[in-house]
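The residues making up each chain are set out below.
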Amino acid sequence: MSGDLNGITVVSVEQAVAAPYASVRLADAGARVIKVERPEGDFARNYDTFANGNSAYFVWLNRGKESVCLDLRVETDRNLLHAMVAKADVFIQNLKPGSLAKLGFPMARLRRDFPAIICCTITGFGETGPYADLKAYDLIVQAETGLCSITGTSDGPARVGVSVCDIAAGLTAHSAILQALFKRERTGVGALIEVSLFDALADWMNVPYLQYAYGGHATKRAGVNHPSIAPYGAYTCSDGLKVVFSVQNSREWTSFCEHLMGSKELAIFPDFATNMMRLKHRAALDGQVQARFDQLGSSEAMALLEAAGIAYGRLNSIPELAEHPHLRRFTIDTPTGPLHLISPGAIVDNQEPERRFVPAKGQHTDAIRKEFESP
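What comes next is a walk through the structure. (Residues numbered from 1 in each chain as written. Predicted model: local features only at pLDDT ≥ 70, side-chain atom pairs only at ≥ 80, totals over all residues. Heavy atoms only, no water.)

## Describing a positive patch on the surface
A cluster of like positive charges, contributed by Arg38, Lys96, Lys102 and Lys135, occupies part of the molecular surface. Within the secondary structure, lysine 135 sits in the loop between strand E5 (118-123) and helix H6 (138-144). For lysine 135, a relative accessible area of 59% puts it in the exposed group. (Patch = residues over 30% accessible without salt bridge, like charges linked within 9 Å, V, L, I, M, F, W, Y side chains within 5 Å. Areas by Shrake-Rupley, 256 points an atom, 1.4 Å probe, with all protein chains shown as cover. Salt bridge = Lys/Arg side-chain N within 4 Å of Asp/Glu carboxyl O. Lys, Arg positive; Asp, Glu negative; His and termini not counted. Charge placed at Lys NZ, Arg CZ, Asp CG, Glu CD. Helix = DSSP H or I, 4+ residues; strand = E, 2+ residues; numbered from the N terminus. Buried < 20%, exposed > 50% of the residue type's maximum accessible area, 1.4 Å probe, protein only.)

## Points about the environment of serine 175
Inspection of the secondary structure assignment puts serine 175 in helix H7 (residues 164-187). As for serine 175 and glycine 345, which are separated by 170 residues in sequence, their C-alpha atoms are 15 Å apart.

## Digging into the state of the cysteines
Each disulfide consists of one covalent bond between the sulfur atoms belonging to two cysteines. This structure, assessed with the given rule, holds zero disulfides. The thiol of cysteine 148 is unpaired, and the distance to the nearest cysteine sulfur, on cysteine 165, comes to 7.9 Å. The exposure class assigned to cysteine 148 is buried, which follows from its relative accessible area of 11%. Cysteine cysteine 237 remains unbridged, with the sulfur of cysteine 257 as its closest cysteine sulfur at 17 Å. Accessibility expressed as a relative area gives 4% for cysteine 237, which makes it buried. (Disulfide = S-S within 2.5 Å.)

## A short note on the packing of aromatic side chains
Counted by the stated rule, this structure contains twelve aromatic pairs. The interplanar angle of 75° and the centroid separation of 5.8 Å between the aromatic rings of tyrosine 21 and tryptophan 60 together place this pair among those described as edge-to-face. Remark: tryptophan 60 occurs in helix H2 (residues 56-61) and tyrosine 21 occurs in helix H1 (residues 18-28); sequence separation between them is 39 residues. Here tyrosine 21 falls in the buried class, since its relative accessible area comes to 7%. Here tryptophan 60 falls in the partly exposed class, since its relative accessible area comes to 28%. The rings of Tyr235, Phe245, Trp253, Phe256, Phe269, Phe272 and Phe293 are connected pair by pair, giving a single aromatic cluster. The ring of tryptophan 253 carries arginine 278 above its face, with NZ or CZ at 4.6 Å from the centroid. (Phe/Tyr/Trp six-rings, centres within 6.5 Å; stacked < 30°, edge-to-face > 60°. Lys NZ or Arg CZ within 6 Å of the ring centre and 35° of its normal.)

## A word on unusual backbone geometry
Between alanine 230 and the following residue, proline 231, the backbone shows a cis peptide bond with an omega angle of -5°. Mapping proline 231 onto the fold places it in the loop between helix H9 (206-215) and strand E9 (232-236). Located in the positive-phi region is aspartate 349, a residue other than glycine, with phi close to 50°. Relative to the helices and strands, aspartate 349 resides in the loop between strand E13 (337-342) and strand E14 (356-357). We note that asparagine 350 has phi near 60°; this positive angle belongs to a residue other than glycine. On the secondary structure map, asparagine 350 appears in the loop between E13 and E14.

Quick look at the structure:
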């Protein structure tokens, strides 16, 4: 998207989603990212073959990187990695805790040997603590943090439909790395960053945590409804389509009652007068709202919500997302041809992402060896 990180070299011993998410954002900003894979490659390359024979996960997170395959059990490959790290600005790794240290790359020593380097470790549960040695993947952490318990319906808990723990960890690592780069510009000193999937997602759980810890309120699974704001959720219209809308405050509640429900009196009805009262009497409220939506087609309902100044949307499926008129896309090249990806959320200086290539496994190994093994 920009050349803001031109001249920054990132070496990332990475796999799966969390670390690749952090490093691809750095690559998007112009950093040189050298992706270190096992001899057999990042296992995310084989998650699926849906993207023209490529893994959808891999093409999403590895554009603009160089791929080098190393066997870190072999001394010559360890020496090559050491030479790469010695010239890097940022070193990222998300192997199992302790794995890289056993191979001769403890982060504390790297920080001592290279004071300006920014080292970032991403793990499942952190480097210390009772769960530090456990393997952790996205769904496991969704379960451990309680996210699954508040996701789903009254029938049972559910997984959030994307790898939200990995993404949260990648975002957290990315922001911490950028912060450390800014500090280094002023001080010349690098940083040691530790991010875990558990900590990153647990931070996102602060609202249900605080509601329970200090208010005794246990968040209930609410399907496509907001657990602590009402009315806020999906309602079925007479044409069978679901419309999602949100009432955020007293002014919007009054407007909703007048324009959509056709009743100014409903706005001041004691059982529904405040959000806390609406939550207490949610079943009765939802019954009245759904009865009104039963009378409306989706287009008419959305027109009334628009007139009332209420935020609304359609409960779309993935095929509908794929054809969404507001969706921004950009093109990447892969070993099997070009693909169209959904663009990153940030637009910098009105620029869309540059066309980047997703590397084949070990595509740059020979060139990297020649560059870093040269005297």
